[in-house]
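As a plain string of letters, each chain reads:
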Amino acid sequence: MKLKTLRAAPLAALFLLAACDSHPTTIVAGGPSDPDADKIKAAKPVKLPPAILANKSYRCKDNSLIYIDWFNDNQSANLHLKEKTAMPVQLAAPSVGAPFVGGDYTLTGNATSKSVNLKKGAAGQDCDA
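As the structure is a prediction and not an experimental result, all values here were calculated from the model.

## Description of the overall build of the chain
Turning to step 1, where the next piece is worked out: Regarding its fold elements, the chain presents 2 helices and 8 strands.
Turning to step 2, where the next piece is worked out: Helices (α) and strands (β) of the chain occur, in sequence order from the N terminus, as α-α-β-β-β-β-β-β-β-β.
Turning to step 3, where the next piece is worked out: Buried residues in the chain amount to 21% of all 129 residues.
Turning to step 4, where the next piece is worked out: Across the chain, every contact between residues at least 6 apart in sequence was considered, and the portion connecting residues at least 24 apart equals 26%.
Turning to step 5, where the next piece is worked out: Of the roughly 10,100 Å² of accessible surface on the chain, a fraction of 60% belongs to carbon and sulfur atoms.

## Thoughts on the state of the cysteines
Turning to step 1, where the next piece is worked out: All chains considered together, the criterion is met by 1 disulfide.
Turning to step 2, where the next piece is worked out: Disulfide pairing is shown between Cys60 and Cys127; the S-S distance is 2.0 Å. Looking along the S-S bond of the Cys60-Cys127 disulfide, the torsion reads about 95°, which is the right-handed sense. On the criterion of sequence distance, the pair formed by Cys60 in strand E1 (residues 52-60) and Cys127 in strand E8 (residues 123-128) is long-range, its members being 67 residues apart.
Turning to step 3, where the next piece is worked out: Note on Cys60: relative accessible area 4%, which makes it buried.
Turning to step 4, where the next piece is worked out: Note on Cys127: relative accessible area 0%, which makes it buried.

## Here we look at the pattern of salt bridges
Turning to step 1, where the next piece is worked out: Applying the stated criterion across every chain yields a total of 2 salt bridges.
Turning to step 2, where the next piece is worked out: With a shortest N-O distance of 3.8 Å, Asp36 and Lys39 are connected by a salt bridge.
Turning to step 3, where the next piece is worked out: Of the residues examined, Asp36 reaches a relative accessible area of 35% and is grouped as partly exposed.
Turning to step 4, where the next piece is worked out: As a salt-bridge pair, Lys61 and Asp128 come within 3.6 Å of each other at their nearest N and O atoms. Separated by 67 residues along the polypeptide, Lys61 in the loop between E1 and strand E2 (65-71) and Asp128 in strand E8 bring together distant segments of the chain.
Turning to step 5, where the next piece is worked out: Overall, Lys61 belongs to the exposed group, its relative accessible area being 60%.
Turning to step 6, where the next piece is worked out: Accessibility expressed as a relative area gives 36% for Asp128, which makes it partly exposed.

## Some words on the side chain of Ser113
Turning to step 1, where the next piece is worked out: Relative to the elements of secondary structure, Ser113 occurs in the loop between strand E6 (105-108) and strand E7 (115-120).
Turning to step 2, where the next piece is worked out: The buried category is assigned to Ser113, whose relative accessible area is 18%.
Turning to step 3, where the next piece is worked out: Side-chain polar atoms of Ser113 contact the backbone nitrogen of Asn110, separated by 3.0 Å.
Turning to step 4, where the next piece is worked out: Beyond its immediate sequence surroundings of up to four residues, Ser113 is in contact with Lys56 and Tyr58.

## Considering unusual backbone geometry
Turning to step 1, where the next piece is worked out: Of note in this structure, Asn63 is not a glycine but carries a positive phi near 75°.
Turning to step 2, where the next piece is worked out: Here Asn63 lies in the loop between E1 and E2.
Turning to step 3, where the next piece is worked out: Of note, Asn74 is a non-glycine position whose phi angle comes to about 60°, a positive value.
Turning to step 4, where the next piece is worked out: With respect to the element layout, Asn74 can be found in the loop between E2 and strand E3 (76-81).

About the cut-offs
Residue numbers run consecutively from 1 along every chain, following the written order of its sequence. Local features in this predicted model are restricted to residues of pLDDT 70 or higher, and side-chain atom pairs are both shown and tallied only at a pLDDT of 80 or more, whereas totals for entire chains, interfaces and linings draw on every residue. Excluding hydrogens and water, the side-chain values take into account all heavy atoms of the structure. Put simply, DSSP H or I for four residues or longer makes a helix, DSSP E for two residues or longer makes a strand, and each gets a number counted from the N terminus. For each residue, the accessible area found with a 1.4 Å probe, counting protein chains only, is set against the maximum for its type, and the residue is called buried under 20%, exposed over 50%, and partly exposed in between. Working rule for contacts: check all heavy atoms of both residues, and any pair within 4.5 Å makes them a contact. Accessible areas in this description were obtained via Shrake-Rupley with a 1.4 Å probe; residue shielding takes into account the shown protein chains only. Note on disulfides: each one is a pair of cysteine sulfur atoms within 2.5 Å. Should a side-chain nitrogen of Lys or Arg be within 4 Å of a carboxyl oxygen of Asp or Glu, the pair is scored as a salt bridge. Under the rule applied, a polar contact is a pair of N or O atoms within 3.5 Å (in protein, one hydrogen donor and one hydrogen acceptor; residues adjacent in sequence only if both atoms are side-chain atoms).

Shown next, in the form of structure tokens:
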């Protein structure tokens, strides 16, 4: 039975190749222009979102853990409370070096800091990497 299958395989491949389009393909240089070319040229440049610079975990004075994703624009970070996979609180700083603010939180520090200060409302605590 295997011998018949082996003989039929090349024949099946030949039929499949015969079904291909055998007409030559013509490529014309400078073919039809893109109908949206003018719109694309007139569009404002797109600013890509920042990339993650560092992911760090911190142990706070109350013995809790926080996780921070620092972004390379140095003006945004994601704060994860309790678990690394928890939904993040997005924090933003108005300028490089200013505290990050988002939700009820204020975060002072950056990706290279050995410790950060996290405040929720008026209460704050230091957290060490």
